[in-house]
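As a plain string of letters, each chain reads:
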Amino acid sequence: MSDGKKSIAHLGSRQLLKRCLSYFLPFKKRLALAVVGMLVVAPCGAASAWLVKLAVDDVLIRKDVQALKLVTLGIFLLMSLKGVFRFIQTYYMNSTGLMAIEALRNDLYDRLLYLPLRFFNESQVGMLMSRLMNDVSLISQSLPSMVMFVRELFTVIGLIGYVIYLDRELAFWGLIVMPVVAWVFKTFSRKLRKIGRKTQVNASDLTVVLQEGLSGIRVIKAFAAETIEVGKFKTENRNFLKSSVKRIRVSEQSSRVMEIVGALAAGLVLWYGGMRVIEGGLTPGALLSFLTALAMLYEPIKRMNSANMDIQAALSGAERVFDILDDPSLKVETGGSLEADEPFRELLVENIRFTYAEGNTPALDGVSLRVRAGERVAIVGPSGSGKTTLVNLLPRFFEPQEGRILLNGHDLSEYTLASLRRSMGIVSQDSFLFNDTVSGNIAYGMRREYSQAEIEDAARAAYAHEFISQLPEGYGTLVGERGVKLSGGQKQRLTIARAILKNPPLLILDEATSALDTESERIVQLALENLMRDRTSIVIAHRLSTVLTADRIVVMEHGRVLAQGPHKELLERCPLYARLYNMQFAESGPGEFPEEGCSL
């Protein structure tokens, strides 16, 4: 999935809000305290306007000392009550928002990690990071903003009731512009939602460029491409700026329209009410109280507008988050109920066909293969022949469209995914290490109890103990992101030590030495020999020197198995294998290579 695809979460605001609020419901007690605070704060506006009327009519005009004491005490108590309960409302609502974020991020990350590799092949890491961090943060605003919206709505209702009670004629002139307020809410909500979506997409694109630039810094520097990458970043940053500025413009337009509407209402009331005061039909206190209530009425309306902006931003983020959480087409990996914990007997690949989603031709076209216990089977062939695709089907990283794969007589889908993958040790050319200690990387993913001695024994078998001992903190040394503090050969030996400690029945080596220099390859090859000893192994090798001792060599081309057998036999009857061998070991010219193809 990419940001360019239409989101399935373009639902109505009500459905999206309901989905967002489901993450706040587990914190009912905190929400109840926040609602209590809201219900106390909401009527304080109307009470303040009433106190203004008492202060003018009873204190300033009638000069009533007792009324002065009551009004002064009332204002103090009212403001204190409002302050305490607003704190309760704000604290519990915002902290609940953070708790909801935690739960939502956990669910989203859990969902992502259980999606198949196909999803990650079609997605950008930066985009997923943006959804996990930026979009989820926006959702935290949904409930607090809704509560603020409701609180201010109650305040508005209370003040409207008060101004109508105070003077119906003045209320008519003060509230005549309310239809305009409703129009502003509807129009600008739609605009803000649309701009919010665009802003989040731009933020995601910016994160993608940033993530790729920092992750690929070695390549960038190797090609002196800093200027190119800075240009990419500036372009995406400019796009993000444009959408953000547009969002601010629409937001400010909405606020200013609200102010103009409020000013118009206040002008009408002042003109009409002033004439009535002059004519003696209205007391100055009543007019001032009315104007105070009207001013206080449009303040919560502006705050409702501000809350609405936050709600629309939250909904734009919610669309992108729930697009992943609720998309029925994104199905998590599933397995069967059988545990793959019995000794390895046989792996049978029967007539497998597989085509990548973006591919036009099959990556595997009718591949069949049998691997028996104790065998060391090598798979060779030119680039694009389907070697890596085949071994990626074994741990069910991908699912074949046709055919089946049996492990000990059972289809792979019958096994639980966790036990199936634990039964296989995979060492690839991409020796990925986590930003953890050496010990932590060697013992990564272990489900059983293990000791430091076992870790060190695995490191010795992988020819890694010597260099580990020379590190500043030995086995407690942090290796850096992706193992940046270690050489390629050192990283590969740690991944081999990881596989040795795991002790899987079936070992898969995917060009484990292809990225190493000659000296490192020799050491790693010794470590691999220790790893493969007395273990069923499937070895993909770019360099044929690493597979000459295999029990059986499988030759692949264009997604098909051309021939299989021992090295000497293949040299005689498989021209493709002979050509690959001669390219690496013989000093023959191009014209001496035999024709392509094999004799099965």
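Placed above this text is the structure.
Along each chain, residue indices are assigned from 1 in the same order as the chain's sequence is written. A pLDDT threshold of at least 70 governs which residues receive local features in this predicted model, and a stricter bar of 80 or more applies before side-chain atom pairs are shown or counted, although totals over entire chains, interfaces and linings include all residues. No hydrogens and no water enter the side-chain calculation; it runs on all heavy atoms of the structure.

Peer 1: What is the right way to look at the side chain of H567 in this model?
Peer 2: With respect to the helices and strands, the residue H567 is situated in helix α20 (residues 567–573). A polar atom in the side chain of H567 sits 2.7 Å from the side chain of Y577. Contact definition: two residues touch when any of their heavy atoms are within 4.5 Å. Setting aside residues no more than four positions away along its own chain, H567 makes contact with L548, I553, Y577 and Y581. A run of DSSP states H or I qualifies as a helix once it reaches four residues; a run of E qualifies as a strand once it reaches two. Both are numbered from the N-terminal end. N or O atoms closer than or at 3.5 Å make up a polar contact, with two conditions inside protein: a donor-capable atom paired with an acceptor-capable one, and, for residues adjacent in sequence, both atoms drawn from side chains.

Peer 1: Explanation requested: the packing of helix α9 (residues 178–215) against helix α11 (residues 226–279) in the structure shown.
Peer 2: Helix-helix packing is characterised by the crossing angle of the two axes and by the distance between the axes. The contact between α9 and α11 brings their axes to 9 Å, and the two run at 165 degrees. Overall, the two elements α9 and α11 adopt an arrangement that is roughly antiparallel. As α9 runs across α11, the sense of the crossing is left-handed. Throughout this entry, Asp, Glu, Lys and Arg are counted as charged residues, while Ala, Val, Leu, Ile, Met, Phe, Trp, Tyr, Cys and Pro are counted as nonpolar. The remaining residues, Gly among them, count as polar. In the contact of α9 with α11, the residues fall into 17 nonpolar, nine polar and seven charged. Working convention: axes come from line fits to C-alpha atoms, limited for helices to the stretch in contact. Angles between N-to-C directions cover 0 to 180 degrees. Oblique is the label for any angle not covered by the other classes, which are roughly parallel (under 35 degrees), roughly antiparallel (over 145) and roughly perpendicular (65 to 115). Put simply, a crossing is left-handed when the front helix is turned counterclockwise from the back one by less than a right angle, and right-handed when it is turned clockwise.

Peer 1: Mind showing me how you'd approach the nonpolar core here?
Peer 2: The tendency in soluble globular proteins is for nonpolar side chains to be buried side by side. Of all hydrophobic cores here, the largest spans 45 residues; its most connected members are V438, I442, I468, L494, I496, L509 and L531. Residue contributions to this core peak at six residues, all from helix α18 (residues 488–502). With sequence-adjacent residues up to four places away left out, I496 is seen in contact with V427, A462, V524, A527, L528 and L531. Here, the term nonpolar core denotes a set of buried Ala, Val, Leu, Ile, Met, Phe, Trp, Tyr and Cys residues that are joined through side-chain atoms within 4.5 Å. Think of it in three bands: with a 1.4 Å probe and only protein chains considered, a residue is buried below 20% of the maximum accessible area for its type, exposed above 50%, and partly exposed in between. Residues A34, A100, V321 and L330 belong to the second largest nonpolar core, which totals 31 residues.

Peer 1: Would you mind showing me how to read the sheet that holds strand β4 (residues 402–407) here?
Peer 2: In any sheet, the strands associate via hydrogen bonds between backbone groups, in a parallel or an antiparallel arrangement. Judged by pairing direction, the sheet is antiparallel, and its four strands sit side by side in the order β2-β1-β4-β5 without closing on themselves. Edge positions in the open sheet fall to β2 (364–372) and β5 (410–411), since each of these has one partner strand only. Pairing between two strands requires that DSSP report at least two bridges joining them. In this structure, strand β1 (residues 346–354) lies alongside β4, joined through five bridges in antiparallel fashion. Directly across from R353, in β4, lies its bridge partner E402.

Peer 1: Before we go on, may I ask you to explain the pairing of strand β9 (residues 552–557) in this structure?
Peer 2: Each regular strand shows side chains that alternate between the opposite faces of the sheet. Within β9, six of the six residues are buried, leaving the element largely enclosed by the surrounding structure. Strand direction decides the pairing type here: β9 and strand β10 (residues 560–565), joined by five bridges, are antiparallel. Counted as the bridge partner of I553 is G565 from β10. Counting the residues that bridge the hairpin from β9 to β10 gives two residues, and of these H558 lies at a positive phi of roughly 55 degrees.

Peer 1: Help me understand unusual backbone geometry, please; the structure alone is not making it clear to me.
Peer 2: In terms of backbone geometry, most residues other than glycine have negative phi values and most peptide bonds are trans. Its identity as a non-glycine residue notwithstanding, R396 has a phi of 65 degrees, on the positive side. Residue Y463 is not a glycine yet carries a positive backbone phi of 55 degrees. Relative to the helices and strands, Y463 resides in the loop between α16 (452–461) and α17 (465–469). When its relative accessible area of 37% is taken as the criterion, Y463 is described as partly exposed.

Peer 1: Is there a simple way to explain the pattern of salt bridges in this structure?
Peer 2: When charged atoms on two side chains of opposite charge get close, those side chains can pair. Salt bridges, as used here, are contacts in which a Lys or Arg side-chain nitrogen is within 4 Å of a carboxyl oxygen on Asp or Glu. By the definition in use, this model includes 11 salt bridges. Close ionic contact of R345 with E342 constitutes a salt bridge, the shortest N to O distance being 3.2 Å. If you follow the salt bridges from partner to partner, you end up with R353, D365 and R560 in one network.

Peer 1: Honestly, the packing of aromatic side chains in this entry has me stumped. Any pointers?
Peer 2: The description of an aromatic ring pair rests on the distance of the ring centres and on the angle between the ring planes. Note on aromatic contacts: the rings of Phe and Tyr and the six-membered ring of Trp form a pair at centre separations within 6.5 Å, being stacked when their planes are under 30 degrees apart, edge-to-face when over 60 apart, and tilted otherwise. Applying the stated criterion across every chain, the model contains nine aromatic pairs. Note on Y91 and Y92: the rings are 5.0 Å apart at their centroids and 75 degrees apart in plane angle, and the pair reads as edge-to-face. Judged by relative accessible area, Y92 falls into the partly exposed class, the value being 23%. Centre to centre, the rings of F434 and Y444 are 4.4 Å apart; their planes meet at 25 degrees, and the pair counts as stacked. Linking F434 in the loop between β6 (424–428) and α15 (438–442) with Y444 in the loop between α15 and α16, this pair joins segments that are 10 residues apart in sequence. Take F434: its relative accessible area is 33%, and that puts it in the partly exposed class. Among the aromatic side chains, those forming a connected cluster through ring pairs are F87, Y91 and Y92.

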